[in-house]
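# Structure at a glance
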Amino acid sequence: TRAYGNRSLVHLRMQRWREAASDAETVLGFEPRNVKALMRRAAAREGTREFDWALEDLRAALRLEPGNADIEAAIRRVEAKEAAPPPPAVVAAPA
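Residues numbered from 1 in each chain as written. Predicted model: local features only at pLDDT ≥ 70, side-chain atom pairs only at ≥ 80, totals over all residues. Heavy atoms only, no water.

### Focus on unusual backbone geometry
If you check the backbone angles, glutamine 15 has positive phi at about 60° while not being a glycine. Looking at where glutamine 15 falls in the secondary structure, it is placed in the loop between α1 (2-13) and α2 (17-30). The class of glutamine 15 is exposed, set by a relative accessible area of 56%. Look at arginine 49: it is not a glycine, yet its phi comes out positive at around 65°. For arginine 49, the position within the fold is in the loop between α3 (35-47) and α4 (51-64). (Helix = DSSP H or I, 4+ residues; strand = E, 2+ residues; numbered from the N terminus. Buried < 20%, exposed > 50% of the residue type's maximum accessible area, 1.4 Å probe, protein only.)

In structure tokens, the structure reads:
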């Protein structure tokens, strides 16, 4: 599972959100209480703007590590993004 966890982190850094989430899910399949995997899947879900799912992962991580300042900060960040209006759509200029 360590290799999947490490690869998930690499995918996150490359902003390959789906791949990062998939590798984190593989880790969680073997280790459901793996806080790093929960955090990585939450980050991937944040990257795809799936804020409700990201918050679910973050809250699960916080239940496993109460008082973890990094998790609490991530929850606040995702909650703020969830409350913000979506970014404007990109429209191609006429040719």
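Having seen the structure, we can now continue with the description.
### A few points about the side chain of aspartate 23
For aspartate 23, the location among the structural elements is in helix α2. Polar contacts involving the side chain of aspartate 23 include one to the side chain of histidine 11, which spans 3.5 Å. The residues touching aspartate 23, leaving out its near neighbours within four places in the chain, are Tyr4, Arg7, Ser8 and His11. (Polar contact = N/O pair within 3.5 Å; in protein donor to acceptor, adjacent residues only side chain to side chain. Contact = heavy atoms within 4.5 Å.)

### What about the nonpolar core?
The nonpolar side chains of a soluble globular protein tend to be buried with one another. Grouped together as the largest cluster of nonpolar side chains are 16 residues, with contacts concentrated most on Leu38, Leu58, Ala61, Ile71, Ile75 and Val78. Among the secondary structure elements, those contributing two or more residues to this core are α2, α3, α4 and α5 (69-83). Counting residues per element, this core draws most heavily on α4, at six residues. (Core = buried A, V, L, I, M, F, W, Y, C linked by side-chain atoms within 4.5 Å.)

### Some thoughts on α3
Residue pairs spaced three or four apart in an α-helix point in one direction, given the helix's 3.6 residues per turn. Taking 1.5 Å as the rise per residue, α3 with 13 residues should run 18 Å; its terminal C-alpha atoms sit 18 Å apart, in good agreement. Taken together, the buried positions of α3 are occupied by Val35, Ala37, Leu38, Arg40, Arg41, Ala42, Ala44, Arg45 and Glu46. On its buried face, α3 sits against α1, α2, α4 and α5. At the N-terminal boundary of α3, the capping side chain belongs to asparagine 34, with an oxygen 3.1 Å from the backbone nitrogen of lysine 36. (Expected span 1.5 Å × (residues − 1).)

### Thoughts on α2
Along its 14 residues, α2 runs 21 Å from first to last C-alpha, staying within 8% of the 20 Å computed at 1.5 Å per residue. All of the buried residues in α2 are Ala20, Ala21, Asp23, Ala24, Val27 and Leu28. The buried residues of α2 occupy an angular sector of 165° when the element is viewed end-on, so they sit on one face. Projecting away from the buried face of α2 at angles above 90 degrees are the exposed residues Arg18, Gly29 and Phe30. Taken together, the buried residues of α2 touch α1 and α3. (Arc of directions from axis to C-beta.)

### Some remarks on the layout of surface pockets
Taken as a whole, the largest pocket spans an internal volume of roughly 160 Å³. The wall of the largest pocket is formed by Thr1, Arg2, Gly5, Asn6, Val27, Glu31, Asn34, Lys36, Ala37 and Arg40. Elements with a minimum of two residues in the lining of the largest pocket: α1 and α3. Along the lines of polarity and charge, the residues of the lining of the largest pocket split into two nonpolar, four polar and four charged. (1 Å grid on protein atoms, 1.4 Å probe; cavity = no way out; pocket = protein on both sides within 12 Å on 5 of 7 lines; lining within 4 Å. Points joined across faces, edges and corners; volume = space filled by probe spheres on them. Nonpolar A, V, L, I, M, F, W, Y, C, P; charged D, E, K, R; others polar.)

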